[in-house]
Amino acid sequence: MSRYVLQRLLGMLTVMFTVVTIVFIIVRVAPGDPAAVMLGPDATPADIEVLRVRLGLDQPLPIQYVYFLAQLARGDLGHSIFLDMPVASALLDRAEPTFFLTLFAILIASAIALPVGIMSAYRRGGLFDQSVTTLTVLAASIPSFWLGLILIQVFAVRLGWFPVAGYGGPDASFLTRMSHLVLPATALGVVSSALITRFTRASMLDVLNDDYVRTARSKGMGELRVVMKHAFKNALIPVLTVIGLTAALLVSGAVVTETVFSLPGVGNLVVSAVLRRDYPVIQGALLVIAAIYVLINFGIDMLYLMIDPRVRY
Amino acid sequence: MLRKLIIAGLAGASMLAASQAFAQERGGVVNVATIGELTTLDPMTATGDLLGMVTQHFFETLYTFDKNWGVTPLLAEGLPEVSADGKVHTIKLRQGITFHDGSAMTSEDVVASLKRWLEVASRGKLVAANLDKLEAVDDYTVRITLKQPFAPLTALLAFNNSAAVVLPSEKIAETLSEYVGTGPYMIKERKPDQYLQLVRFDGYKSREGEPDGFGGARKQYLDEIRFVPVPDANTRVEGAIAGQYDYADLLPVEAFDRLNGQAKTEPLVLKSFGWPMFIMNNKEGMMTKPGLRKAVQAALNSEDMLAAAFGKPDFFAVDGALYPEGYQWRSDAGVEGYNQGNPDKAKELATEAGYDGKPIRILTSRQYEFHYKMAQVAAEYLKAAGLAVQLDVVDWATLVQRRAEPALWDIFITHSPFLPDPALIAPLPASYPGWWASEAKDKLVVELNTEMDPEKRVAIWSDIQKLIYDEAPFYKVGDFNALSAKSPKLGGFTASAWPYFWNAHLTK
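Starting from 1, residues in each chain are numbered consecutively following that chain's sequence as written. Numbering of ligands from 1 and lettering of chains from A proceed in the order in which they are written. pLDDT decides what is reported in this predicted model: residues at 70 or higher carry local features, side-chain atom pairs at 80 or more are listed and counted, and totals for whole chains, interfaces and linings draw on all residues regardless.

Student: Give a description of the packing of helix α5 (residues 87–122) of chain A against helix α9 (residues 182–208) of chain A that names residues and reports values.
Tutor: Axes are the key here: two packed helices are described by the angle between their axes and the distance separating the axes. Residue and element names in this part refer to chain A. Where α5 contacts α9, the two axes come as close as 6 Å, and the packing angle between them is 35°. In this structure, α5 meets α9 at a crossing whose hand is right-handed. Throughout, the ten residues Ala, Val, Leu, Ile, Met, Phe, Trp, Tyr, Cys and Pro are labelled nonpolar, Asp, Glu, Lys and Arg are labelled charged, and all others, Gly among them, are labelled polar. Residues that form the contact of α5 with α9 fall into these classes: 18 nonpolar, 9 polar and 1 charged. What counts as an axis is a line fitted to C-alpha atoms, over the stretch in contact for a helix, and the angles between N-to-C directions run from 0 to 180 degrees. Helix numbering and strand numbering both begin at the N terminus, where a helix is a DSSP run of H or I of at least 4 residues and a strand a DSSP run of E of at least 2. Crossings are sorted by hand: turned counterclockwise from the far helix by less than a right angle, the near helix makes the crossing left-handed, and turned clockwise it makes it right-handed.

Student: Explain the nonpolar core to me, and be specific about the residues and the numbers.
Tutor: With 220 residues, the main nonpolar core has Ala285(A), Phe278(B), Ala299(B), Ala378(B) and Ile411(B) as its most contacted residues. Tallying contributions element by element places α5(A) first for this core, with 12 residues. Note on contacts: residues are paired as contacts if their backbone-placed C-beta atoms lie within 7 Å. Once you skip the residues sitting within four places of it in the chain, Phe278(B) turns out to touch Ala378(B), Ile411(B), Ile413(B), Phe474(B), Tyr475(B) and Val477(B). In this usage, the nonpolar core is the set of buried Ala, Val, Leu, Ile, Met, Phe, Trp, Tyr and Cys residues whose C-beta atoms join them within 7 Å. Counts of 20 or more other C-beta atoms within 10 Å of a residue's own C-beta define buried residues, counts of 12 or fewer define exposed ones, and intermediate counts define partly exposed ones; C-beta atoms are placed from the backbone.

Student: Tell me about the interface of chain B and chain A, and name the residues and values.
Tutor: Listed per partner, the contact involves 39 residues of chain B and 42 residues of chain A. Elements represented by at least two residues in the side of chain B that touches chain A include exactly β8 (185–191), β9 (195–200), β12 (224–229), α6 (233–241) and α12 (396–402) of chain B. Among the residues making up the side of chain B that touches chain A, the classes are represented as 13 nonpolar, 17 polar and 9 charged.

Student: Got a sec to walk through the pairing of strand β14 (residues 266–280) of chain B? Specific residues and values, please.
Tutor: All names here are of chain B. When DSSP finds two or more bridges between two strands, those strands count as paired. Alignment of β14 against strand β20 (residues 479–486), held across 6 bridges, turns out to be antiparallel. Each bridged residue has a counterpart across the sheet, and for Pro267 the counterpart in β20 is Ala485. Pairing of β14 with strand β18 (residues 411–416) involves 6 bridges; the strand directions are antiparallel. Residue Phe278 lies in a different strand from β18, and its bridge partner there is Ile413. Pairing of β14 with strand β19 (residues 474–476), which is carried by 3 bridges, proceeds in the antiparallel orientation. Residue pairing across strands places Phe278 opposite Tyr475, the latter belonging to β19.

Put into structure tokens, the structure is as follows:
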């Protein structure tokens, strides 16, 4: 078992190093120049060159890469060119909205997807199952930003129950900040629930016909217990994987929803950094996102260990 | 006794009424939804409308613009005393001005700030080339000596981006780490992508008299101004309708009908907000041929381009003059070259210029959707004239980088506000991408810059506008208006391309 954990840890490090290198290269190979963006539309080439020198962007790429690695080794993600703050602080500022948005979205998605998926598999081919199939195709096809705009129209503008956008002002309490997340988390949760529902249904269908389920039933066990204890527990592994990957995707990939709701999340930070060519932020944020992906995958692997004894051997 | 009581009662009632009126106006927080996060808070080092709009609340310049776009003093006591030869400008400073850190503003701060501006600001560099000496005469007098007269000096000193803002001398550095100014509001907290919180500066000393555009008295009714970046334009619209934002900047023109008749917001049309232009590459490639530039000018139909970009005619004007009605600089010289939409003439001009069928590369960005829409319509008109077109659509950062490389494009699209002095128009200097080099232009620009008589300067500008149509270094597409929205509760607010919230107040 410890060998399994060690292998996974080594794999994590290799992935991280590769990500660091690829991100560094891609960011610099892409056209666009932070100095030009910073100085605005009227800047002359001479102004831009002076700022490039000041930002160290005139150095050869290998030297910039070595500086970057040395900085990382010291645990320093760099300093944002535009935000005028350490990249780590910029990311920390975004940790709260991103964490809770992801958490709420996953909770909403799971609350919809797990019971619906189980019921749909249990009543396979029936009216409920067919309706669920249609609805999940619909939910998966809805762009989250469109759903977001509809939610804004109904619940923020017409009913006035929730704020339209943002994450609260300087005096906003924790509860106020959380109220800003209800609509975006619902939009993301509903869209994400489609995939999880499909996986739950498929996974349950696989196990519902297995011998041990038939045995449990033949022993006279109640249906609820058969489905939840015997079938669902065994169907959980692929479902957990999908939930984990959806969570990882939401950390970085909720950009469009974050933009519609003006949420200061990690995805928003990355996109604005790309548009401004804020190299340190792009590198630092992608590195952290990659680390989150890797850690979530590692966590899922460890969960496998707990759920499925076969993995240990 | 009764009389005394009545008088006392009346006096008390009038004081109460006055205090109620004051209570109604003073106080409150306004939330201003802006188009996005600022890339810097240093208004010297960069241009950009958003930067000017936000930073003008905490940084101030020696001069600013009144409601007729005339230069008016702000931190200076009055307009500069100019020597007979037009070279020496003596500027008296207002006394008793304090910075947000409590230190007093003196000529030492002004000279140190102007030195930085001359070094780092693109507008400052226009002055630096002509500067002989900058010195403090005494604590409250600054003298600028030029090598030759330079008429746009005060307009350059008045601008709010690439701005000659006055900073405390001890805070001045290559990169600013503290944003301490003299403005009516000061920064309390900044959370990027969330808000910039400004609070009233109690030590502010307003000018006497009445407000006059950006000049005159600056009253501080509001307790706080919060600039909230809301990049999605539809969200700004919905936020204004829901009453979350007291002011929402730059909204899609299609939202006008939806904003009309709402309880918590009302539409605000900013007339003559700016002008889009097609900059031609005068340095390298096929557009260096004047005949081909004239062919493009003849082919384009501005009306259709503007209609595609801005929809309703209420939001644009088909106007070839480089300044709209109401500006002293307005002239009709050369405008017969505008909005021709004449493919036959264009074809003839292109053939005469030896056009070889190579595609004209139009560099544009969808970050400004109206640029892209205009490019699409222009491409059809150019094709109708037998000119091949290649649309190179990139993001704005890439466009800014590529336009500096003359080998990479033939036309690029940008836009500008109407600047108070034509000497500030971006594509006039040969250093600006587009690289318009022309002896006739150089001669006229020198005349425009050195002539101190305002009427003569207007006539010189008229000649420059005619030359722009004759040589076609760039093409002005037209004028466009902008749409914003404001709460009906927001009083004392003046619509502007750089909206400001001193003098504004919230009514209950």
